[in-house]
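Summary of structural features
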Amino acid sequence: MNYGRVYNFSAGPATMPESVLEEIRDEMMNYQGSGMCVMEMSHRSKVFQQIAQEAEQDLRDLMNIPDNYKVLFIQGGATLQFAMIPMNLMKNGVAAYLETGSWSKKAIAEAKKYGDVHVVASSADRNYSYIPDCSDLPIPENADYVYICENETIHGTTYPTLPNTKGHILVSDQSSMFLSKPCNVSDYGLIYAGVQKNVGPAGMVIAIIREDLIREDVPSYTPIYMSYKTHADNDSMYNTPNCWAIYCCGKVFKYLKKIGGLEEMHRRNVEKAQVMYDFLDSSKLFKGTVEKEFRSLMNIPFVTGSKEMDAKVVEATKAAGYDNLKGHKSVGGLRASIYNAMPKEGVEALVAFLKDFEAKNG
Ligand SMILES: *Cc1c(COP(=O)(O)O)cnc(C)c1O
């Protein structure tokens, strides 16, 4: 059906699968015979308990999450995790962080309030356009964890391989790449993702945490809400959770299972990103800003080299139905976020438009 929707290249909140939005629409007034909308339901009701349990189980199936990991639905966005992680995981008060862009920088600034933060690698020297060599990092022996932002949403970089943590647990912000490819959960101590990039509506984080890292003895100043134990002990229902986000994310998990899981999603994402990168590599007007080895499948920043021309392209694309392509101010130019829900046709149409623009303006 034609709803007059645009191709939405927003970095987040971002585009969602159309079939999921249609299902949500169809259930809006009366969720499966319950006589009410999910928005209106008690989070303690049987109907909602089932929605939440199925969402967790479907996510566990998709990611093959081992039994010794808890899946937590927490509010406060990915940003709250920047504080929650050091509060809960810094037993020795020491952690190693990799600085690869805006989001890891923010996490570092927050963690410094709670302990001794060692920035063991940084790509600041070339405006975060690459991922540093992570094979032999100077990680302090007593570090409680090693922290990465696995896909830097603003700078458009991703890790080709995970860092050598030298036996320390790995904590990863997967917000802008969550469920974009298969993930070996046992490589990590904690994975978390704000869901509004690649899964559902804003206002919720999914944290997947190894059970032995959930502590009783968090610092006494830790708000009850910010202890992982609070959420783990109460099946993410210590207080009223973001019911709507859990419901919508659950729909997306079912959608991903139906299309063939994360292998199939990854295959599609690689194919889609290739269309964009092939174009950028052959264009004379546009150029990707990230070194090839470290290019994200999800966020693709690119520039023309002229601010005026960049602005002209943004305006022309918007007028033609390709929305939210303006790059973040720290990189400039343009950025196409092509998350799971962006169809290949959307990327192909954008590339055709940019080719045409180049022919007329190059
Ligand atoms: C968007 C984003 C965040 C912040 O998410 P909020 O939910 O707005 O707090 C953190 N990390 C990454 C990688 C992001 O893309």
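All of the points below concern the structure found in this document. (Residues numbered from 1 in each chain as written. Predicted model: local features only at pLDDT ≥ 70, side-chain atom pairs only at ≥ 80, totals over all residues. Heavy atoms only, no water.)

Observations concerning the packing of aromatic side chains
We count it as follows: Note on aromatic contacts: the rings of Phe and Tyr and the six-membered ring of Trp form a pair at centre separations within 6.5 Å, being stacked when their planes are under 30 degrees apart, edge-to-face when over 60 apart, and tilted otherwise. Under the scheme used here, helices are H or I runs from DSSP no shorter than 4 residues and strands are E runs no shorter than 2 residues, and both carry numbers assigned from the N terminus. Residue burial is assigned from relative accessible area. The probe radius is 1.4 Å, only protein chains are included, and a residue is buried under 20% of its type maximum, exposed over 50%, and partly exposed in between.
The final tally for this structure, using the stated rule, is 11 aromatic pairs. Between the aromatic rings of Tyr97 and Tyr147, the centroid separation amounts to 4.5 Å while the plane-to-plane angle is 20 degrees, which identifies the pairing as stacked. A residue pair is termed long-range when its members are at least 10 positions apart, and Tyr97 in strand β3 (residues 94-99) and Tyr147 in strand β5 (residues 146-149) qualify at 50 residues. Of the residues examined, Tyr97 reaches a relative accessible area of 0% and is grouped as buried. Note on Tyr147: relative accessible area 1%, which makes it buried.

Some details on the layout of surface pockets
Short version of the rule: Both cavities and pockets are sets of points on a 1 Å grid over the protein atoms alone; in a cavity a 1.4 Å probe fits but cannot get out, in a pocket the set is open with protein on both sides within 12 Å along at least five of seven lines, and lining residues sit with an atom within 4 Å of a point. Grid points are joined across faces, edges and corners, and a volume is the space filled by probe spheres set on the points. Ten residues, namely Ala, Val, Leu, Ile, Met, Phe, Trp, Tyr, Cys and Pro, are considered nonpolar, four, namely Asp, Glu, Lys and Arg, are considered charged, and the remaining ones, Gly among them, are considered polar.
By volume, the largest pocket amounts to about 390 Å³. Around the largest pocket, the lining is made up of 21 residues, and of these Ala341, Met342, Pro343, Lys344 and Glu345 lie nearest the centre. At the level of secondary structure, the elements contributing two or more residues to the lining of the largest pocket comprise β1 (7-8), α1 (18-27), α7 (261-282) and α9 (344-361). Ranked by the residues each element gives to the lining of the largest pocket, the list is headed by α7, at five residues. Here the lining of the largest pocket is built from residues that sort into nine nonpolar, four polar and eight charged.

Description of the sheet that holds strand β11 (residues 287-288)
Convention followed: DSSP-based pairing: two strands are paired if at least 2 bridges between them are found. A contact between two residues is defined here by any heavy atoms of the two lying within 4.5 Å. Axis angles are defined between N-to-C directions and span 0 to 180 degrees, where every axis is a line fitted to C-alpha atoms and, for a helix, only to the segment in contact.
What the three strands build is an open sheet, ordered β11-β12-β14; its pairing is antiparallel. Two strands in the sheet have a free side with no partner beyond their single neighbour: β11 and β14 (334-337). Here strand β12 (residues 299-303) pairs with β14 via four bridges, running antiparallel. Its bridge partner lying in β14, Ile300 is registered against Ala336. Contacts from α7 reach β11, β12 and β14, with the element oriented near 15 degrees to β12.

Considering the nonpolar core
As a reminder of what qualifies: Definition of nonpolar core: a set of buried residues of the types Ala, Val, Leu, Ile, Met, Phe, Trp, Tyr and Cys, connected through side-chain atoms within 4.5 Å.
Grouped together as the largest cluster of nonpolar side chains are 60 residues, with contacts concentrated most on Met63, Phe178, Ile206 and Ile208. Sort the elements by how many residues they give to this core and helix α6 (residues 243-259) lands first, with 11 residues. The contacts of Phe178, once residues within four sequence positions are left out, are Leu59, Met63, Ile191, Ala193, Asn198, Val199, Ile206, Ile208 and Asn340. Judged by nonpolar contacts, the second largest core, of 31 residues, contains Leu72, Tyr192, Val205 and Ile214.

Overview of the site of the ligand
Going by this rule: Whether a residue is near a molecule or strand is decided by its heavy atoms; if any one of them lies within 4 Å of it, the residue is near. Polar contacts, as counted here, are pairs of nitrogen or oxygen atoms within 3.5 Å of one another; within protein the pair requires one atom able to donate a hydrogen and one able to accept it, and residues that are adjacent in sequence qualify only if both atoms are side-chain atoms. Using the Shrake-Rupley algorithm and a 1.4 Å probe, accessible areas are obtained, with residue cover drawn only from the displayed protein chains.
For the ligand, the full set of nearby residues is Gly77, Ala78, Thr79, Phe82, Trp103, Cys149, Asn151, Thr153, Asp173, Ser175, Gln196 and Lys197. Gln196 has a polar side-chain atom sitting 2.9 Å from an oxygen atom of the ligand. Within the contact set of the ligand, an oxygen atom lies 2.5 Å away from a side-chain nitrogen or oxygen of Lys197. Starting from 380 Å² of accessible surface for the ligand in isolation, the protein chains cover 87%. No other element matches helix α3 (residues 77-89), which puts four residues into the shell around the ligand. Class assignment for the residues of the shell around the ligand results in four nonpolar, six polar and two charged.

Regarding the sheet that holds strand β4 (residues 116-122)
Across the sheet, seven strands lie side by side as β2-β10-β9-β8-β5-β3-β4; this open sheet has mixed pairing. Taken across any chain shown, the strands that pair with only one partner, and hence form the sheet edges, are β2 (69-74) and β4. Strand-to-strand twist of the sheet, defined as the mean angle between neighbouring strand axes without regard to direction, takes the value 20 degrees. Taken together, the five bridges between strand β9 (residues 190-194) and strand β10 (residues 205-210) define a ladder with antiparallel strand orientation. Paired with Ala193 across the bridge in β10 is Ile206. Sheet contacts for helix α2 (residues 46-63): β2, β9 and β10; angle to β2, the most-contacted strand, approximately 130 degrees.

Points about the pattern of salt bridges
Defined as follows: Salt-bridge detection follows one rule: a side-chain nitrogen of Lys or Arg within 4 Å of a carboxyl oxygen of Asp or Glu.
Summed over the entire model, instances satisfying the criterion amount to 24 salt bridges. The partner of Glu23 in a salt bridge is Lys251, and the shortest N-O contact between them spans 3.1 Å. Separated by 228 residues along the polypeptide, Glu23 in helix α1 and Lys251 in helix α6 bring together distant segments of the chain. Residue classification places Lys251 among the buried residues on the basis of a relative accessible area of 11%. For Asp212, the salt bridge is made with Arg210, and the minimal N-O distance between the two is 2.7 Å. Take Arg210: its relative accessible area is 23%, and that puts it in the partly exposed class. The network of salt bridges with shared partners includes Glu264, Arg267, Arg268, Glu271, Lys344 and Glu348.

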